[in-house]
Amino acid sequence: MNDNIIEEVTGSEYKYGFVTNVETETIAKGLNEEVIRAISAKKEEPEWLLEFRLQAYRKWLTMKMPRWAQLTIPEIDYQDIVYYAAPKQKENKDWEEVDPELKATFDKLGIPLSEQMALSGVAVDAVMDSVSVKTTFKDTLAERGVIFCSFSEAVKNHPDLVRKYLGSVVPYTDNYFAALNSAVFSDGSFVYIPKGVRCPMELSTYFRINAQNTGQFERTLIVADEEAYVSYLEGCTAPMRDENQLHAAIVEIVIEKNAEVKYSTVQNWYPGDKDGKGGIYNFVTKRGICRGENARLIWAQVETGSAITWKYPSTILKGDGSVSEFYSVAVTNNYQQADTGTKMIHIGNNTRSRIVSKGISAGYSSNSYRGKVKVVKGCQNARNYSQCDSLLLGDKCGAHTFPYLEIENPTAQVEHEATTSRIGEDQIFYCNQRGISAEDAVGLIIKGYAGDVLNKMPMEFAVEAQKLLQISLEGSVG
Amino acid sequence: MNGLEKINADFATLFKDGREQLEAGCSAVMNGCREEAFEKFVQLGGIPQKTEAYSYADLVPVFDKDYRVVLKYIPQNVDMNEVFRCSVTNLVTHPILTVNGRWFDGNVEPELPEEVVICSLQEAGMRYPDLFLRHYNRYAPKADQDGLVALNTAFAQDGVFVYVPDEVVLERPLQIINLLRANADLMGFQRNLIVLGKHAQATVLVCDHTLSSQHFLMNNVTEIYLDSGARVDYCQVQNQYAGAAQINSLFVSEQRNSAFESNIVSLYGGFIRNNMYVSLNEEGGSCDLYGMYIPDKKQVVDNYSYIDHIAPNCTSNEHFKGVMDDSSLANFCGCIRVRPNAGKTVAYQANNNLLLSDTARINTKPQLVIDADDVKCSHGATVGQLDEEAMFYLRSRGIGREEAKMMMMFGFAHDIIRHVRLEPLREKIDDLIDKRLRGELSRCFHCTLPCRK
């Protein structure tokens with residue numbers, strides 16, 4: 001294949017790398033109990049939540065940074081991070097009152113915050129640095145009883161719900177970054193879909209890191225009560241900076257009997273420049289639990305950003321007959337590193353899961369799939385199918401597959417298969433013969449390769465995801 | 001001190017106090033490796049616990065017994081050739097016995113072409129210092145994260161040495177029979193070194209047996225070097241008493257156009273861990289690893305393999321299958337590593353498992369670590385039951401459920417066993433597996449041991 005094409009394509013710039021000039025209120029760098037108290041005080045939190053944070057912090061102090069992933073992570077100085085940064089704005093969150101700078105920022109990102117202009121049928125919670133700037137369509141949703149608001153608001157307005165579910169899926173003892181997040185989390189989204197309600201529109205949270213030297217630690221909690229349905233989208237971007245910024249989030253999803261949640265992510269944090277300088281460290285714990293019978297959880301993700309990604313959206317299939325699916329396209333280019341995958345824990349009888357993971361690596365990047373399928377002893381007739389394919393574009397990159405299958409019940413049927421290859425010369429040749437240029441051919445092949453996953457994304461995202469895929473791989477094809 | 005710390009401390013004491021005995025009779029090359037190896041063992045934290053390679057193998061109960069380590073050779077007062085008789089009929093081999101990890105002094109020297117060397121490791125170290133220096137402990141350090149391999153290097157005193165010079169083809173298979181026989185619980189470290197010259201060929205058959213019902217723990221290392229164009233067919237049949245534990249680490253270094261094929265059949269044993277490290281150092285190398293494990297009761301079988309594609313144009317093929325019954329546990333971890341320059345690699349890996357009881361467990365970790373783009377690598381792993389449709393097919397032809405199940409399990413196992421090249425052995429293993437699956441005794445015909453009490 002033509003070397004020029006590769007260069008042309010890798011040359012593309014990250015288009016969300018701008019910085020917004022907005023007055024930001026921050027607290028001093030560093031991490032200690034005082035800082036945690038300060039964050040809690042700023043958010044006017046109740047005593048129990050502060051206690052939760054402090055417990056998490058004390059736990060975190062006893063933990064060590066895990067090193068098992070196929071990643072090279074430079075030492076992170078946790079005292080050199082600002083744990084709270086909020087764009088200054090007035091209390092009243094009417095649309096007219098939102099800082100025009102912020103409005104412009106989100107307009108530029110393609111996330112209009114005015115409800116008249118908004119994408120039809122998508123309600124957005126926009127989070128900048130540590131706080132939620134605006135949540136659209138709140139009233140429309142409230143008519144149906146759907147609660148969709150920032151996490152801080154939820155703590156104020158629905159403390160019982162938050163207290164009941166916070167930490168119920170990802171306890172603060174879960175892992176190093178979960179403990180860190182539980183100690184210092186600032187904002188995020190809260191979703192509650194009441195019994196029997198089908199959420200009338202897609203819900204979406206857009207995360208934006210803007211301020212310098214800050215880390216973003218948001219927390220999302222989604223509860224779907226019996227027979228409820230919601231489709232939730234998540235997007236993220238950050239400015240281009242030479243230093244690395246940390247993003248350690250938690251997503252908890254609780255799904256009751258016969259309910260269904262579809263969680264889609266387009267992760268496009270700043271990946272660093274061509275030489276691997278800068279970029280976001282994306283260390284995220286995402287987990288859902290299918291608590292009731294026949295609950296369903298579908299994960300769909302397109303991962304193109306971040307310097308380092310470490311993320312395993314997981315499902316605990318506790319209710320009998322519950323189903324979970326995981327679809328992922330992870331793209332790494334230049335010096336990006338990704339260690340991502342899923343966990344499916346089968347506990348209930350007749351539970352089913354399906355994993356489709358497509359990795360694409362280019363440049364000098366390293367892209368790993370790491371997934372676990374566990375069937376516990378008492379779980380009858382569990383069924384899992386996993387397919388993990390890796391595509392290598394270029395001879396300097398790596399693609400790795402680490403599945404873990406732990407089966408303790410003889411009625412389980414678990415299958416895993418994986419392949420690694422590059423785009424075949426014969427495939428390109430075939431396209432060339434039919435008048436399709438090498439670059440278009442590669443685009444076509446990748447589109448087909450990732451198609452299984454992209455088809456699972458909601459319409460609004462699928463288009464964006466497809467474009468993103470093209471941009472991320474531009475110049476890396478060869 | 002918890003169990004593990006005590007075990008590690010005991011090894012340190014033994015290494016310090018027993019040094020003189022340990023080094024007696026061994027060549028300078030062997031003794032020269034000990035210090036560094038033991039340091040490595042200590043540096044890695046002693047007996048591996050919760051490391052990635054041993055994540056599913058709990059070694060504490062295996063090591064936490066009152067073993068004796070015998071640092072000097074105890075002459076056997078009986079003729080082992082009388083005590084042990086291979087039950088595979090029509091299999092003509094050059095038998096070599098080891099007892100408790102040491103060369104048996106009553107071994108009859110086989111009739112071989114002149115330059116071929118088969119002797120004890122200690123003797124080889126003294127008589128062929130150059131050859132020994134070139135190959136001893138050159139391949140085992142590959143497992144730089146495995147404390148048990150380092151432990152073997154620190155404590156190994158003896159084993160089997162085989163050298164097949166250039167262009168020599170051994171017609172008869174070499175049969176290395178590892179016997180365990182003691183009056184007290186025993187821990188041993190056997191070290192084998194097999195070197196094949198250019199275009200040399202050999203078939204190596206390794207049989208593990210216990211002759212007394214003490215607890216045994218063998219931590220063995222075998223290094224195999226294949227010069228260009230050489231070929232080794234390696235077959236190991238593990239059939240031991242349930243109180244015996246064995247940890248086998250096999251290191252294979254392959255040069256240009258060499259071929260290595262192994263079949264590891266784990267029939268019986270308390271705890272079996274097989275480590276297989278294959279390095280494809282030069283172009284054109286190929287390796288095929290096959291394995292079959294059928295644990296029942298509370299047995300543990302743990303297979304670990306690491307195939308390192310260093311050079312381009314090599315192929316590897318790995319297939320392990322298991323049938324787990326009762327409360328047994330099987331683990332499989334296979335890693336295919338393709339280095340940046342190893343283009344045109346073709347690697348395939350598969351692991352299939354059948355669970356027969358509610359308490360049997362399987363953990364499987366097939367891994368691909370690929371840093372080159374022009375490769376074709378794939379792997380697959382399955383855990384499941386016998387195919388309902390196939391069962392229906394057999395039953396509709398008047399075959400009873402039990403018999404049909406047996407036929408299908410046998411077919412499942414034979415898929416691996418068919419790769420055994422020695423026909424009499426293949427038939428014997430098929431027979432043993434058939435008996436084992438039927439719940440009948442699988443021990444050898446002449447054996448008088450109460451293995452399955």
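Note that this is a predicted model, so its numbers are computed, not measured.

Undergrad: Could you clarify how one ought to interpret the overall build of chain A in this entry?
TA: Counting its secondary structure elements, chain A contains 11 helices and 24 strands. Taking all 478 residues of chain A together, the buried fraction comes to 56%.

Undergrad: What am I meant to see in the pairing of strand β19 (residues 345–355) of chain B here?
TA: Both faces of the sheet carry side chains from a regular strand, because those side chains alternate between them. All names here are of chain B. In terms of burial, β19 is largely enclosed, as eight of its 11 residues are buried. Across 10 bridges, β19 lies against strand β21 (residues 375–384) in parallel orientation. Bridge pairing in β21 links N352 to T382.

Undergrad: Is there a simple way to explain the nonpolar core in this structure?
TA: General note: in soluble globular proteins, nonpolar side chains tend to be found buried as a group. If you look at the biggest cluster of nonpolar residues, it comprises 273 residues, and the most contacted ones within it are V191, I255 and V261 of chain A together with L196 of chain B. When near neighbours in sequence (up to four residues on either side) are disregarded, I255 of chain A contacts A224, V261, G288, I289, C290, R291, A295 and L297 of chain A.

Undergrad: Please explain the interface of chain A and chain B as it appears in this structure.
TA: Interfaces are often sized by the amount of accessible area the parts lose when they come together. Contacts between the two partners involve 29 residues from chain A, matched on the other side by 32 residues from chain B. Broken down by secondary-structure element, the contributors of at least two residues to the side of chain A that touches chain B are β23 (398–407) and β24 (413–422) of chain A. Split by residue class, the side of chain A that touches chain B holds 12 nonpolar, 11 polar and six charged. Pairing of β23 of chain A with strand β20 (residues 361–370) of chain B involves six bridges; the strand directions are antiparallel. Counted as the bridge partner of I407 of chain A is I362 of chain B from β20 of chain B.

Undergrad: Just checking my understanding: could you explain the packing of helix α9 (residues 388–396) of chain B against helix α10 (residues 401–417) of chain B for this structure?
TA: Axes are the key here: two packed helices are described by the angle between their axes and the distance separating the axes. Residues and elements named next belong to chain B. Look at α9 against α10: their axes get within 9 Å of each other, and the N-to-C directions meet at 125 degrees. Relative to α10, α9 is oriented oblique. Crossing hand, α9 versus α10: right-handed. Along the contact surface, α9 presents A390, M391, L394 and R395, while α10 presents R401, A404, M407 and M408. Residue composition of the contact of α9 with α10, grouped by class: six nonpolar, no polar and two charged.

Undergrad: Looking at this model, I keep getting lost on the pairing of strand β5 (residues 160–164) of chain B. Mind explaining?
TA: Residues and elements named next belong to chain B. Counted residue by residue, β5 has five buried out of five residues, so it is predominantly covered. Here strand β4 (residues 117–120) pairs with β5 via four bridges, running antiparallel. Note on β5: the bridge partner recorded for C119 is F161. Pairing analysis gives four bridges linking β5 to strand β8 (residues 191–196), with the strands arranged parallel. Bridging across to β8, V162 finds its partner in I194.

Undergrad: In this structure, what is going on with the environment of E35 of chain B? I would like to understand it.
TA: All names here are of chain B. Its location among the elements puts E35 in helix α3 (residues 28–43). Looking at E35, the number of C-beta atoms within 10 Å reads 12, which means it is exposed. Separated by 14 residues in sequence, E35 and Q49 have C-alpha atoms that sit 22 Å apart.

Undergrad: Before we go on, may I ask you to explain the packing of helix α3 (residues 47–62) of chain A against helix α8 (residues 176–184) of chain A in this structure?
TA: All names here are of chain A. Following both chains from N to C, one finds α3 and α8 inclined at 145 degrees, their axes separated by 7 Å at the closest point. Taken as a pair, α3 and α8 cross one another with a handedness that is left-handed. In this structure, α3 uses F52, R53, A56, Y57, K59 and W60 to contact α8, whose residues at the interface are Y176, A179, L180, S182 and A183. Counted by class, the contact of α3 with α8 contains eight nonpolar, one polar and two charged residues.

Undergrad: What is the right way to look at unusual backbone geometry in this model?
TA: Residues apart from glycine generally show negative phi values, whereas peptide bonds are mostly found in trans. One non-glycine residue, E227 of chain A, adopts positive backbone phi at about 60 degrees. Residue position: E227 of chain A is located in the loop between β8 (219–224) and β9 (229–237). On the neighbour-count criterion, E227 of chain A (18 C-beta atoms within 10 Å) is partly exposed. A positive phi angle, near 50 degrees, is found at D326 of chain B, a position not held by glycine. Position of D326 of chain B among the secondary structure elements: in the loop between β17 (315–324) and β18 (329–338).

Undergrad: Would you explain α9 of chain B in this entry?
TA: Residues spaced three or four apart along an α-helix face the same direction, because each turn holds 3.6 residues. Of all nine residues in α9 of chain B, zero are buried, a share of ten percent or less. Trailing α9 of chain B by a residue or two, G398 of chain B shows a phi angle of about 80 degrees, which is positive.

Reading guide: rules and limits
- Residues numbered from 1 in each chain as written.
- Chains lettered and ligands numbered in written order.
- Predicted model: local features only at pLDDT ≥ 70, side-chain atom pairs only at ≥ 80, totals over all residues.
- Helix = DSSP H or I, 4+ residues; strand = E, 2+ residues; numbered from the N terminus.
- Buried ≥ 20, exposed ≤ 12 C-beta atoms within 10 Å, placed from the backbone.
- Pairing = 2+ DSSP bridges.
- Core = buried A, V, L, I, M, F, W, Y, C linked by C-beta atoms within 7 Å.
- Contact = placed C-beta atoms within 7 Å.
- Nonpolar A, V, L, I, M, F, W, Y, C, P; charged D, E, K, R; others polar.
- Axes fitted to C-alpha atoms, helices over the stretch in contact; angles between N-to-C directions.
- Parallel < 35°, antiparallel > 145°, perpendicular 65-115°, else oblique.
- Left-handed = near helix turned anticlockwise from the far one by under 90°.

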